[in-house]
Amino acid sequence: MKLNTSKKFTLSVLALVCSLGASAKTIYVDTSGDDANNDGSEIAPYATFQKANANLVAGDTLIVGGGVYRQTMKITASGTAEAPILVRAKTGENVVIKATEEISGWTHYTGDIYSANVNMDITEWSRNIYQNGELMQIARWPNDVDNDAYTIDTHVINELSTASSIKVSGVPDVDLTGGYMWYLGQHSGTSWTKQITSNTASEIVFPEINVARWPYSNHNPAEFFEGGYGRFYVYGKLALLDHPREWHYDANTQTLYFQSVDGSMPSDSSVEYTARERAIEINGSHVDVEGISAWGGNVKLNGRYIRYANSNVTYGSQRRNNYAPDSGASITDGSINVIGMHNLVENNVVHHGSNNGIHVAGWANAGDFAVIQNNEIRYFDTLGIHASLIRSNGDNVKILKNTVSHVGRDAIYVSGFNNEFAYNDVSYAGMINNDGGLFYTVGNTENRNIEVHHNWFHDAMRRDYHDQKMAGIYLDNDSKGFLVHHNVVWNVPWTGLQLNWDNWDNHMYHNTFIDVGGAMGEWINGRNPRDNRVWNNFSTDADWIRSDAYDLDSNIISALSQFVNADGHDFMPHATSLLLDAGRVIDDVEGFNKAFAGTAPDVGAYEAGGTLWTAGINAIEDTCNTCLSDPNSAPVHPPVAASIMFDNRGEYLSTDYDAGSSMQVSVNYDAGTGHKVTDVLGGVRFYLRTIDTTTGDWITVSEVSAEDATAIGQRAGSATATLSLAGLVPSQDLPDNQFYYLFVIFEASDGTRKTASASPIKILPDSRVAPSFGLDDANKYRTTDYFVGGTMDVTVNYEVGTGNTVVGNIGGIRYFLRHMNSNWKVIEDIRVNDGSVIGTQSGISQVAIPLAGVVPTADLPEGDFYFLFVSIASSDGTTTNTQVRGINILSAPASVQGDWDEDGDVDSMDVRGLMGAVLSRQAVDLAFDFNGDEVVNMLDVRALAPMCTRARCATN
């Protein structure tokens, strides 16, 4: 498919400039200019863009001299299609429009902190500080110790909280009132920020959120969701300023406090603050801007037929989140904002921002017919919200040949209608968030008619604080009318292609998925997806969505390498690839004229004999002038014969298997060019046979079998089966001349049968240890009285079984003392983790659950109770629980005089304890000075004996 790019736009501008002749004038602006006395000529330039704009008319050219301009370039003048206004940097000179101002006059405040008087009257969330061209960090806790916004450096919430507060521990003893809390729920789909109204050492309070409304419904601390309560950091208070690179601004006194990178007093002009949100604003139409860079503020293209090109935009949209009580999950702003229609953004380098990179509006025709091409866009959405490197909502938008990477959530978001996303290199999404994709969209009731083709989507991040649901291409809720073809997705933790809810009329052809969590996935959620087609796709990992809603044809799954050099981005099928000529002609999409070489289209995103297309800046397009699309053509590579082989035959021969366990066997099979595996043998069939050779022939005494039916209808791939060894006699106990024989077979569609075998297989007596997990004495916890302010000591014995270890996804062994209501809903949790068990197979785990501040059992609401719940997760993927109901917690006992060991009574153990302390000359509390001489000695030990509360000072 040949792209309809903006070349005509660019060439027409140049041609028109040449044809304008003497009627057009050139106006100059320079850092040395003068508005009052100069005429805007090259030798007498203006100083401001405002003055230049007032003199611009259609056909004029504005030349900007090199240097830094601390003013907004605002162009309201318009050109015409025949006579556009050109804005250019002076030849060979570098122009930067800065939205910042320099700071001078620093004085020492305290320690390594310095202060300066600054009027930062910009909106609070847009305030930022830069030192020597680098973004500094607002004062916060926990500190951003690694200076990496994507690692987030947060404090984990371990207790059930509410819709207006979080339960915390370990927070600095600081009044946080008026500061802010950034929160990321355990689901990690988006963050939100709220202003703090009050706090104590154990609680932070904020305006109540509506947990019934998205995004708060599954991103809140009032529910134990997906294994936790979330995490947070706080900022916006001077008392939190305690780390290099941190700053705080006091708007009341207009004072900036700052701890520099090296702790020294900042030099004058080395520090800048954001003074304006906008660096460049083009309100006129038919304006062509080239070589005018923006720094510390964004670019806004309000007019029509604007071209913004060959420029750098750095820190264009650097801000903090909206903290309104009902704020959503996104901000309609970016480093470059495309508002007008028919605008072109090309050949720019756009780096660094907390929000979107390029934002195409999409309301009331805003941003329609935009072209975004050949840009490098990196390092955005450090807020961890619904923001993207390119976020487009307009109609008839083309996004072509961009290289984009590093973003908190989705790399690309495309909505609207009749759009094209092609030849882009997209990577490193999900640096903070979860439940997103390298390409992400949501639908509605209408077909979008959006084409996503010839892109590379790769390297989605894996964070350890969520379940790593980052997809390659994610058509979320109700996406309809997408044509997704010739894309390569690799190294993503979730699915290559994810579809949710009512997905209709989506056509997915010729895509390649490599090292993905699964080829495809869906979440129907009670909806009715339908009329989706999945043809000619390849994946190294199972599986396609197999339901009536998806028409599957000519798709291949195989773990075997099918490419010339995938690591070097050569995804062409190699000479023996099972992808060759294995596809069908795509005949159901008007205008889909994908040429092929050989007898049929190849499966996957590349055609052997075709073009080795690329993605990203200056991508090579997929054209093939020699592809005849003729079924009678000679194949590109010679035919491949049928074959089968073990993945590792030597492993099966050298492994000792336990009788009673199981044996997992894998083979790689190929039915040969033009053929497929049949269902005659159930696909690929596996046997473990007991063979007797007493007569000289191999006689099968008994056999265990299994089959892999996923191979049916496939030309080639990997087949796996698990053979049960239950009831088998150990090899050493078999009669003479008997042994175990592993045998695998399939039948191809031409009747050819291929086999693989290995013998002898060695089976040993069963020596496995079964998993077990339980409390040391469950009844003990039901009958023991525990006290408020004390601890509940809990012991479990664990064994995760032979070959397994305890894993850390729930923190080792996790202990909950839960306050439950009569409906078994968790009211409050006290959680303790034992991480020392991680990596072990068996042992004893002991913890002390703190009971400070809990309500005595007798004072709980009617029907409520305490419930001890303990979990362990094994490396085999299983999670096991043990539990006890009916924990009895009493009010803290009154202090008993002479109770040395604080067990609620006085007995011989207290006498011995006090005596030991006196004899060893330990410091002893004067509460044990029973004779009032202000010294604790043996006289007090003697005085303690008559105070025993048990007969004869007995201990039981």
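Keep in mind it's a predicted model, so treat the numbers as computed, not measured.

Undergrad: Looking at this structure, how should I read the state of the cysteines?
TA: Here a disulfide denotes one covalent bond, and it connects the sulfur atoms of two cysteines. Scanning the entire structure with this criterion turns up two disulfides. A sulfur-sulfur distance of 1.6 Å marks the disulfide that ties C948 to C953. The chirality of the disulfide connecting C948 with C953 is right-handed, given an S-S dihedral of about 90°. Each member of the pair, C948 as well as C953, carries the same accessibility label: buried. Numbered in order of appearance, the disulfide-bonded cysteines of the protein are paired 1-2, 3-4.

Undergrad: I keep staring at the sheet that holds strand 56 (residues 643-646) and nothing clicks. Help me out?
TA: Pairing between the strands of a sheet is mediated by backbone hydrogen bonds and can be parallel or antiparallel. Taken together, the three strands give an open sheet; going across it, the order is 56-58-61, and neighbouring strands pair in antiparallel fashion. Either end of the sheet is taken by a strand with one partner, and the two such strands are strand 56 and strand 61 (716-724). Averaged over all neighbouring strand pairs, the angle between strand axes comes to 25°, with direction disregarded. In terms of strand pairing, strand 58 (residues 662-670) meets strand 61 through nine bridges, oriented antiparallel. Each bridged residue has a counterpart across the sheet, and for S666 the counterpart in strand 61 is T720.

Undergrad: Help me out: how do you make sense of the sheet that holds strand 69 (residues 842-850) in this one?
TA: With antiparallel pairing, the three strands of this open sheet are ordered in space as 64-66-69. Whereas interior strands pair on both sides, the edge strands pair on one side only; in this sheet they are strand 64 (772-775) and strand 69. Each neighbouring strand pair of the sheet contributes to a mean axis angle of 20°, computed without reference to strand direction. Looking at chain direction, strand 64 and strand 66 (residues 791-799) are connected through four bridges and run antiparallel. Note that in strand 66 the partner of L775 across the bridge is V796.

Undergrad: Which parts of the structure should I look at to understand the layout of surface pockets?
TA: Empty space among the atoms becomes visible once a probe the size of a water molecule is rolled across them. The volume enclosed by the largest pocket comes to roughly 650 Å³. Considering the residues around the largest pocket, the lining is formed by 29 residues, among which L135, Q137, A149, Q318 and T382 are closest to the centre. Mapped onto the lining of the largest pocket, the elements with two or more residues apiece are strand 11 (134-135), strand 12 (137-138), strand 20 (231-235) and strand 32 (349-353). Of the residues contributing to the lining of the largest pocket, the split by class is 13 nonpolar, eight polar and eight charged.

Undergrad: What should I look at first to understand the nonpolar core in this one?
TA: In a soluble, globular protein the nonpolar side chains are often hidden away together inside. I280, I292, I336 and F439 are the most contacted members of the largest nonpolar core, which totals 76 residues. Not counting the four nearest positions on each side in its chain, I336 is found in contact with V299, L301, Y308, V313, V345, V350, G357, I358 and H359. Within the second largest apolar cluster, 32 residues are counted, among which are V677, F686, A706 and L725.

Undergrad: Would you mind showing me how to read the packing of aromatic side chains here?
TA: The description of an aromatic ring pair rests on the distance of the ring centres and on the angle between the ring planes. Following the criterion strictly, the structure yields 49 aromatic pairs and no others. When the centroid spacing of 6.4 Å and the interplanar angle of 40° are considered together, the rings of F816 and F869 count as tilted. A residue pair is termed long-range when its members are at least 10 positions apart, and F816 in strand 67 (residues 813-820) and F869 in strand 70 (residues 865-873) qualify at 53 residues. In terms of burial, F816 and F869 fall into one category: buried. Ring pairs connect the aromatic residues Y423, W456, W490, F538, F563, F571, Y606 and W613, which therefore count as one cluster. Between R391 and the ring centre of Y413, over which it is positioned, the NZ or CZ distance is 4.0 Å. Above the ring of F816, the side-chain terminus of R818 is found at 4.2 Å from the ring centroid.

Undergrad: How should I be thinking about the UniProt feature "domain: Right handed beta helix" (unreviewed entry) in the protein in this particular structure?
TA: The UniProt feature table records "domain: Right handed beta helix" (unreviewed entry) at residues 392-538. Secondary structure content for residues 392-538 is 0% helix and 50% strand, and the end C-alpha separation is 29 Å.

Undergrad: Just to check I follow, could you spell out the pairing of strand 25 (residues 287-290) for this structure?
TA: For a regular strand, side chains alternate in direction, first toward one face of the sheet and then toward the other. Two strands pair when backbone bridges link them, and strand 5 (residues 85-89) and strand 25 are joined in this way by four bridges, in the parallel orientation. Residue R88 lies in a different strand from strand 25, and its bridge partner there is E290. Summarising the sheet, strand 25 and strand 28 (residues 307-309) pair through three bridges and their orientation is parallel. In the strand pairing of strand 28, D288 is matched with R307.

Undergrad: What exactly am I supposed to notice about the pattern of salt bridges here?
TA: Pairs can form between side chains of opposite charge once their charged atoms are near each other. Taken as a whole and judged by the stated rule, the model has 32 salt bridges. Across the pair E703 and R689 runs a salt bridge whose closest N-O atoms are separated by 2.9 Å. Linking E703 in strand 60 (residues 699-708) with R689 in strand 59 (residues 684-692), this pair joins segments that are 14 residues apart in sequence. The exposure class of E703 is partly exposed, given its relative accessible area of 40%. With a relative accessible area of 19%, R689 lands in the buried category. What you see here is one network of salt bridges that share partners, running through R88, D288, E290, R307 and E346.

Undergrad: How do you make sense of helix 5 (residues 908-919) when you look at a structure like this?
TA: Helical geometry note: an α-helix holds 3.6 residues per turn, so side chains three or four residues apart project in the same direction. The terminal C-alpha atoms of helix 5, which comprises twelve residues, lie 16 Å apart, in line with the 16 Å expected from a rise of 1.5 Å per residue. Within the span of helix 5, buried status applies to S908, D910, V911, L914, A917 and V918. Summarising the contacts, the buried residues of helix 5 are in contact with helix 6 (938-944). A distance of 3.0 Å separates the backbone nitrogen of M909 from a side-chain oxygen at the start of helix 5, and that oxygen is part of D907. One or two residues past the end of helix 5 sits R921, with phi positive at roughly 60°.

Definitions and cut-offs
- Residues numbered from 1 in each chain as written.
- Predicted model: local features only at pLDDT ≥ 70, side-chain atom pairs only at ≥ 80, totals over all residues.
- Heavy atoms only, no water.
- Disulfide = S-S within 2.5 Å.
- Buried < 20%, exposed > 50% of the residue type's maximum accessible area, 1.4 Å probe, protein only.
- Pairing = 2+ DSSP bridges.
- Helix = DSSP H or I, 4+ residues; strand = E, 2+ residues; numbered from the N terminus.
- Axes fitted to C-alpha atoms, helices over the stretch in contact; angles between N-to-C directions.
- 1 Å grid on protein atoms, 1.4 Å probe; cavity = no way out; pocket = protein on both sides within 12 Å on 5 of 7 lines; lining within 4 Å.
- Points joined across faces, edges and corners; volume = space filled by probe spheres on them.
- Nonpolar A, V, L, I, M, F, W, Y, C, P; charged D, E, K, R; others polar.
- Core = buried A, V, L, I, M, F, W, Y, C linked by side-chain atoms within 4.5 Å.
- Contact = heavy atoms within 4.5 Å.
- Phe/Tyr/Trp six-rings, centres within 6.5 Å; stacked < 30°, edge-to-face > 60°.
- Lys NZ or Arg CZ within 6 Å of the ring centre and 35° of its normal.
- UniProt positions renumbered as here; feature names shortened; annotations may be inferred.
- Salt bridge = Lys/Arg side-chain N within 4 Å of Asp/Glu carboxyl O.
- Expected span 1.5 Å × (residues − 1).
- Polar contact = N/O pair within 3.5 Å; in protein donor to acceptor, adjacent residues only side chain to side chain.

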